[in-house]
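One letter stands for each residue in the lines below.
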Protein chains: 4
Amino acid sequence: MNTFGTHFRLTTFGESHGAAVGGIVDGCPAGLAISVEEIQTALDRRRPGQSALTTPRQEADRVEILSGVYEGRTLGTPIAFVVRNEDQRSADYGAIAAGALRPGHAEFTWLAKYGHVDGRGGGRSSARETLARVAGGAIAATLLRARAGIEIRAWVSSVAEIDLTVPDEQLDLSRIDSTPVRCPDPATAARMIARIEAARAARDSVGGIVTGTATGLPVGLGEPVFGKLPALLGGAMLGINAVKGFEIGDGFAAARLPGSAHNDAFTLDDTTGRVRPATNHAGGVLGGLSTGEPLRWRVAFKPVATLPRETATLTATGDPAILPAKGRHDPCVLPRAVPIVEAMAALVIADLWLLREMSR
Amino acid sequence: MNTFGTHFRLTTFGESHGAAVGGIVDGCPAGLAISVEEIQTALDRRRPGQSALTTPRQEADRVEILSGVYEGRTLGTPIAFVVRNEDQRSADYGAIAAGALRPGHAEFTWLAKYGHVDGRGGGRSSARETLARVAGGAIAATLLRARAGIEIRAWVSSVAEIDLTVPDEQLDLSRIDSTPVRCPDPATAARMIARIEAARAARDSVGGIVTGTATGLPVGLGEPVFGKLPALLGGAMLGINAVKGFEIGDGFAAARLPGSAHNDAFTLDDTTGRVRPATNHAGGVLGGLSTGEPLRWRVAFKPVATLPRETATLTATGDPAILPAKGRHDPCVLPRAVPIVEAMAALVIADLWLLREMSR
Amino acid sequence: MNTFGTHFRLTTFGESHGAAVGGIVDGCPAGLAISVEEIQTALDRRRPGQSALTTPRQEADRVEILSGVYEGRTLGTPIAFVVRNEDQRSADYGAIAAGALRPGHAEFTWLAKYGHVDGRGGGRSSARETLARVAGGAIAATLLRARAGIEIRAWVSSVAEIDLTVPDEQLDLSRIDSTPVRCPDPATAARMIARIEAARAARDSVGGIVTGTATGLPVGLGEPVFGKLPALLGGAMLGINAVKGFEIGDGFAAARLPGSAHNDAFTLDDTTGRVRPATNHAGGVLGGLSTGEPLRWRVAFKPVATLPRETATLTATGDPAILPAKGRHDPCVLPRAVPIVEAMAALVIADLWLLREMSR
Amino acid sequence: MNTFGTHFRLTTFGESHGAAVGGIVDGCPAGLAISVEEIQTALDRRRPGQSALTTPRQEADRVEILSGVYEGRTLGTPIAFVVRNEDQRSADYGAIAAGALRPGHAEFTWLAKYGHVDGRGGGRSSARETLARVAGGAIAATLLRARAGIEIRAWVSSVAEIDLTVPDEQLDLSRIDSTPVRCPDPATAARMIARIEAARAARDSVGGIVTGTATGLPVGLGEPVFGKLPALLGGAMLGINAVKGFEIGDGFAAARLPGSAHNDAFTLDDTTGRVRPATNHAGGVLGGLSTGEPLRWRVAFKPVATLPRETATLTATGDPAILPAKGRHDPCVLPRAVPIVEAMAALVIADLWLLREMSR
């Protein structure tokens, strides 16, 4: 199904080469100031052709709001939005239409599930669908910022073997967008850009890791059993195309630590007079609920499956086929994945924040 | 909320020191042969006191089926089951009742969310709740085995810094339960047991990693957008107490590989005459749907938060408090986590398998 | 599926002749004072054998709470409850077990849907399942009374052709339980009782109408599109066994009126100084949302299908069969339906009331 | 929330005087032949200005499909559709904008719920939203006709005190659309038209009853506990604007009958050799599940609340206000309600039919 969330709900529609992509946000409270420009700004960070690092496909991706907003404020009714598809060069996808299975792509499984593939290039399984998530997430982020003081940020922390080693708290997050690779440390960003260019030159692709953080959460966000905050956030991240791993706080490294080193002791905050964890190995959660400390998580993306080289493969019936070297794909999706990670996090947190308002 | 799943649904109830823990399975098809012994066997793998490695708490955890099964077969109606609590030594929890916040535990967040804590020791946030997941998962696993030929297995692959390095395909999974640590390689198991005993001797605890696998899946299980198989499986794993990370296939290591090394090329299977991926870097999924290859995932558990040593902490109002050295907790939850990982995987896959039956 | 509600959710289990019937209430806020006696009192109004008018089956129907309540207050966790079945005289149902289809009963449709019938007498389709609704509804009613000042009452307003003609506002609702037929007007109650006794003497059965009312609702309860208050309330009523019709306010009579006679004009309430509808043709709703005026609805029950007379019928394969004259069924379910109507209304209103707390 | 259904799901959006109204259908199987003309035909039966009996508002209501259909067949992905609003004469609604509460309308309750009203005339609570239901229902009806052989028809059976007395089985349903009032019996239709014209002349309005029927249902559609077919169908009907009552089969009349007269005996069908009910008092359901006999139900609509006469009322703060005599409303909504009743029935039955495919 194509709906995400329980209280703040996003339903998306659209194929990569159909008429349009869009969605409906249901559950956004009335009276929230929202502008089409805010949503457009978020989409511009995801759109193809935004820099030399990304695919040269040019799509303006202009969003139109069809309902739910009147005179700049939400009505409390469903907010529908739509982005028309423009650069529908389906001809690039002749080999798929002829039945060739692209390694690392969804045709193989999609064919078994639905009995057909959308020969126009990815169709519904295309990452173009994430455009609707970014638009919906922008509305969620506006709600969280305006009503709850919650801020969500993500950045690229690894590209292939190049790691950002500056500690999170020393990063200047205002610089995330100052390089096309969306790594806030200029020196590391330069190395990442070089690494992506090298992959492109080698007719190859690279993956990497996005780090996300959310600040301003109240204590107690999440549900204690199946709906733990890490479960919902991790499920949201693992629902993004190409994601292969998720960790929160110390994550896999926590499995190596003894309890005496991993436990976050409680302390009295001198400024607020409140009890809080003195350290944040847990990444902002305890018992599945937010602690009020910054939420910290990491998301692993596999390398882009489409390579700019001729590739031998098979059709579903076992006949040999050749995927041509054309196609206008990114050598690395990480820079464009940053707004998607932020959007999905905003949807999860807005959903839990609305639920919390109910139980108060 | 306390319900998991859409088509095969488990709703659980019960506090660690209340009258009983149990659940209702809704959506299990009629006519499935199921016995209370099968469920009991699964529970016995999770119960405390099962070996020298676990907590000395002794709880028989006898399950009773209240509905939905008649003459050894399911009726298609809700299957309710209940396990009475026995060893309710609430007195051990005097410090919690007095307001001490245990580091790494849920009292801090629970108190903010609900305005009270269950002074009887964890209450609903206790891992005792997972008993109901294991019982529900046993029913799901029986369904998958009988109707779909799907087998789910999990084992301990790391304890602190001790890693199982034998490749998955060389493991003899019939040996998982032959050691109390549930690692199928005897030599590694012995080192893990020694590592856990060392932690206990140091009045400390350790975490680790569980590897899971599912075989026999049809091609195409999962939903292509928000309900991708990794999203649902990962969300289920991250909803288990103490889990901090999840990866599928090559996971975080995939972020380091170039596309040319990570892509799984298609080949013609000599035996079946069918096209399939020749390798399985992807861990059994493509485009969020199962490929028919073994599903492979890993789950990181943090070290046990409760330590058998006197610990200074604070109350919620900032007063100093001492957590006494008593308590009967495991130095490492990994061996008992194995059936929980299997149960949650079975619930996810049964849910998707039923959904697939609908779309056929 | 066996779950009702979105925010205040009841999941029920149990077959008429299995081990037990019960349920889980999920979503009830913490801190609510609730006693097992309150739930028992509600069940006693539904139980068989309570008066000469009902089936002579004797079942004490003692309820036990298994979780979610501690020291007389809800914990905010799932409230599980169970009622053991006692008087399981399955032998009465030999003809069903042998395949005879009872006119007006579910065996015909159940057999087509599930491929089997529960030969023990109704099984899951038995009205015994409503016991769990009454228990869950008692918890919802307690919540509504304590937190929102909402009171729900229902009574028998017709038995066959005998109608209660006293206007609702002149009824003394404290007298509902003063006669076994649960009609608050003594004279009408006497005629109804005589009518039921006449049906029994004629080896026949009768149906009738239950009127329900809820007072103290805030303005604005309900959702304006698909989840209109009449839609949710009507759906709940039509989910009760034997119900064939539902109307709100003037109902079917409204279809006869001109708009000028049906519209409720607005007036200024002298006491409160607030605007309110001067009349209540609408039955307490406008645009699908509550107006704050008493909610008024009516529910039509068909006559009991099981007759105390030998009846010729067929098996599913078309062979002639005889249903014997035994069986211990009610000649009229209306008196026992009153608490079920109240329970389902309480579940609907509690669900909407919790949702409203969220949107405030 | 603005989503209807579980497996075949419709989410709608749009305000009466905003940019557009539309929706997303999620869950429609792939490969179904569907044309925009089919949907348009359904919309034309609902649109204003279609005959002298309806409002003179002229809106072409042209539908555009944005996704989910390719080369005339569904893709199995979400089907989004949109209808631009044209005749947005908000000026007609000056009195509402100034705070006047229209008797029988939603402003009073909406204001309490959301703290604002959409002064442009109804907004989201306007019956214009049902346009999206008709479009979504047309897709559901196409699915049911093509895949399951199920046909749904509705007609006007009462206008005020004028009743259609011809038995259902003697009606020629191909004549429903042959008169603007959508009653298939010409003589009754003429009397109904005269009655509506009389109401218009009297500056008043009238209500009435729509009868619906569905044929070709398999035995066993529905869920046996909360999701009984009458519960889902009734809930859907009671979610239509202006509906005040619902009954299935004999409905309220069944409450008057003895069991011996109401029970439908089983018989052997000479043609098919199958067992079936010999009569259909039940209206096509038993135990909440379909019997395979025609589903028969009736829906009561209140008279139109907006009257073409000057009306004194109050504002929410109690100030006197005058609603002017203008406005371009229908004197009777029944003819335009027919396609809405059919659409909601199609949505309910498609949802249950998909669920049944799962349990087979």
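Scroll up for the structure.
Residues numbered from 1 in each chain as written. Chains lettered and ligands numbered in written order. Predicted model: local features only at pLDDT ≥ 70, side-chain atom pairs only at ≥ 80, totals over all residues. Heavy atoms only, no water.

**Student:** So what exactly am I meant to see when it comes to the pattern of salt bridges here?
**Tutor:** For side chains bearing opposite charge, pairing can occur when the charged atoms are close. Within this structure, the stated rule accounts for 76 salt bridges over all chains. Across the pair Arg256(B) and Asp163(A) runs a salt bridge whose closest N-O atoms are separated by 2.6 Å. Taken together, the residues Arg256(B) in the loop between β11 (243-248) and α7 (259-262) and Asp163(A) in strand β9 (residues 162-163) connect one chain to another. Relative accessible area serves as the criterion here: at 34%, Arg256(B) is assigned to the partly exposed category. Salt bridges here are not isolated pairs; linked through shared partners, they connect Arg45(A), Asp177(A), Arg182(A) and Glu342(A). (Salt bridge = Lys/Arg side-chain N within 4 Å of Asp/Glu carboxyl O. Helix = DSSP H or I, 4+ residues; strand = E, 2+ residues; numbered from the N terminus. Buried < 20%, exposed > 50% of the residue type's maximum accessible area, 1.4 Å probe, protein only.)

**Student:** So what exactly am I meant to see when it comes to the packing of helix α6 (residues 229-238) of chain C against helix α6 (residues 229-238) of chain D here?
**Tutor:** When two helices pack together, their arrangement is given by the angle between the helix axes and by the axis-to-axis distance. Orientation of α6(C) relative to α6(D), taken along the N-to-C sense of each, is 160°, at an axis distance of 8 Å. In terms of orientation, α6(C) lies roughly antiparallel with respect to α6(D). Regarding α6(C) and α6(D), the two cross each other, and that crossing is right-handed. Taking contact as the criterion, the partners of Pro230(C), Ala231(C), Gly234(C), Gly235(C) and Leu238(C) in α6(C) are, on α6(D), Pro230(D), Ala231(D), Gly234(D), Gly235(D) and Leu238(D). When its residues are assigned to classes, the contact of α6(C) with α6(D) shows 6 nonpolar, 4 polar and no charged. (Axes fitted to C-alpha atoms, helices over the stretch in contact; angles between N-to-C directions. Parallel < 35°, antiparallel > 145°, perpendicular 65-115°, else oblique. Left-handed = near helix turned anticlockwise from the far one by under 90°. Contact = heavy atoms within 4.5 Å. Nonpolar A, V, L, I, M, F, W, Y, C, P; charged D, E, K, R; others polar.)

**Student:** Even after reading the chapter, I still don't get the environment of Glu37(A), so can you show me in this structure?
**Tutor:** With respect to the helices and strands, the residue Glu37(A) is situated in helix α1 (residues 36-46). Taking the C-alpha atoms as reference, Glu37(A) lies 25 Å from His7(A); in sequence the two are 30 residues apart.

**Student:** In this structure, what is going on with the relation of the copies chain D and chain C? I would like to understand it.
**Tutor:** Two chain copies here: they are related by a rotation about an axis and a translation along the same axis. Aligned on chain C, chain D shows an RMSD of 0.0 Å; the corresponding rotation is 180° and the shift along the axis is 0.0 Å. Put plainly, the chains are arranged around a two-fold axis. The C-alpha atom lying nearest the rotation axis in chain D is that of Gly235(D); the distance is 2.2 Å. Interface overlap between copies: 100% of the residues of chain D at the interface are likewise at the interface in chain C, consistent with a symmetric, same-surface contact. (Least-squares fit on C-alpha atoms with pLDDT ≥ 70 in both.)

**Student:** Teacher, can you tell me more about the sheet that holds strand β9 (residues 162-163) of chain D here?
**Tutor:** Strand pairs in the sheet, formed through backbone hydrogen bonds, run parallel or antiparallel to each other. Ordered in space as β9(C)-β8(C)-β10(C)-β16(C)-β11(C)-β11(D)-β16(D)-β10(D)-β8(D)-β9(D), the 10 strands form an open sheet in which the pairing is antiparallel. Edge positions in the sheet fall to β9 (162-163) of chain C together with β9 of chain D, since each of these pairs with one other strand and no more. Inspection of the sheet shows strand β11 (residues 243-248) of chain D paired to strand β16 (residues 295-301) of chain D by 5 bridges, in the antiparallel sense. By the bridge assignment for β16(D), Gly245(D) is matched with Ala300(D). Sheet strands in contact with helix α5 (residues 186-201) of chain D are β8 (151-159) and β9 of chain D, and its direction is about 55° off that of β8(D). (Pairing = 2+ DSSP bridges.)

**Student:** Could you clarify how one ought to interpret the environment of Arg195(B) in this entry?
**Tutor:** All names here are of chain B. Looking at the secondary structure, you find arginine 195 in helix α5 (residues 186-201). A C-alpha to C-alpha distance of 7.9 Å links arginine 195 and alanine 160, two positions 35 residues apart in sequence. Apart from residues no more than four positions distant in its own chain, arginine 195 is found in contact with Val159, Ala160, Glu161, Ile162 and Val206.

**Student:** Is there a simple way to think about the interface of chain C and chain B in this case?
**Tutor:** For interface size, the figure often reported is the accessible area lost on association. With 33 residues of chain C at the contact, the number on the chain B side is 34 residues. Between chain C and chain B, the buried area comes to about 2,800 Å², and carbon and sulfur atoms account for 61% of it. Taken together, the links from chain C to chain B amount to 2 salt bridges. Linking Arg84(B) and Glu64(C) is a salt bridge whose minimum nitrogen-to-oxygen distance equals 2.9 Å. The interface formed by chain C and chain B contains 12 residue pairs in polar contact (both at pLDDT 80 or more). Secondary-structure elements contributing two or more residues to the side of chain C that touches chain B are β2 (9-13), β3 (20-26) and β7 (79-84) of chain C. Looking at which element gives the most residues to the side of chain C that touches chain B, the answer is β2(C), with 4 residues. Each residue belonging to the side of chain C that touches chain B can be placed in one class, and the counts come to 13 nonpolar, 12 polar and 8 charged. (Buried area = accessible area lost by both parts, 1.4 Å probe. Polar contact = N/O pair within 3.5 Å; in protein donor to acceptor, adjacent residues only side chain to side chain.)

**Student:** Help me out: how do you make sense of the interface of chain D and chain C in this one?
**Tutor:** Residue-level contacts link 94 residues of chain D with 94 residues of chain C. Summed over both partners, the interface of chain D with chain C buries about 7,100 Å², with 65% contributed by carbon and sulfur atoms. Considering only the side of chain D, the residues that lose the most area to chain C are Phe226(D), Lys244(D) and Phe252(D), jointly responsible for 12% of the buried surface there. The tally of links between chain D and chain C comes to 31 residue pairs in polar contact (both at pLDDT 80 or more). No other element matches the 6 residues that helix α3 (residues 107-114) of chain D contributes to the side of chain D that touches chain C. Split into classes, the residues belonging to the side of chain D that touches chain C amount to 46 nonpolar, 30 polar and 18 charged.

**Student:** Explain the packing of helix α1 (residues 36-46) of chain D against helix α4 (residues 130-148) of chain D to me, please; I cannot follow it from the model alone.
**Tutor:** Residue and element names in this part refer to chain D. Viewed as axis vectors pointing N to C, α1 and α4 meet at an angle of 135°, and their least axial separation amounts to 9 Å. By the angle class used here, α1 and α4 are oblique. As for the relative orientation of α1 and α4, their crossing is right-handed in sense. Across the interface between the two elements, Glu38, Ile39, Ala42, Leu43 and Arg46 from α1 touch Thr130, Leu131, Val134, Ala135, Ala138, Ile139, Thr142 and Arg145 from α4.

**Student:** What exactly am I supposed to notice about the environment of Ala33(A) here?
**Tutor:** All names here are of chain A. Looking at the element boundaries, alanine 33 is found in the loop between β3 (20-26) and α1. Here alanine 33 falls in the partly exposed class, since its relative accessible area comes to 40%. The sequence separation of alanine 33 and threonine 74 amounts to 41 residues, and the corresponding C-alpha distance is 6.6 Å. Not counting the four nearest positions on each side in its chain, alanine 33 is found in contact with Glu38, Gly72, Arg73 and Thr142.

**Student:** Explain the sheet that holds strand β4 (residues 63-65) of chain A here, please?
**Tutor:** All names here are of chain A. The sheet built from 5 strands is open, its strands ordered β1-β2-β3-β7-β4 with antiparallel pairing. The open sheet has two edge strands with one neighbour each: β1 (3-4) and β4. Where β4 meets strand β7 (residues 79-84), 3 bridges bridge the pair, whose relative direction is antiparallel. Counterpart to isoleucine 65 in the pairing with β7 is phenylalanine 81. Sheet strands in contact with α1 are β4 and β7, and its direction is about 150° off that of β4.

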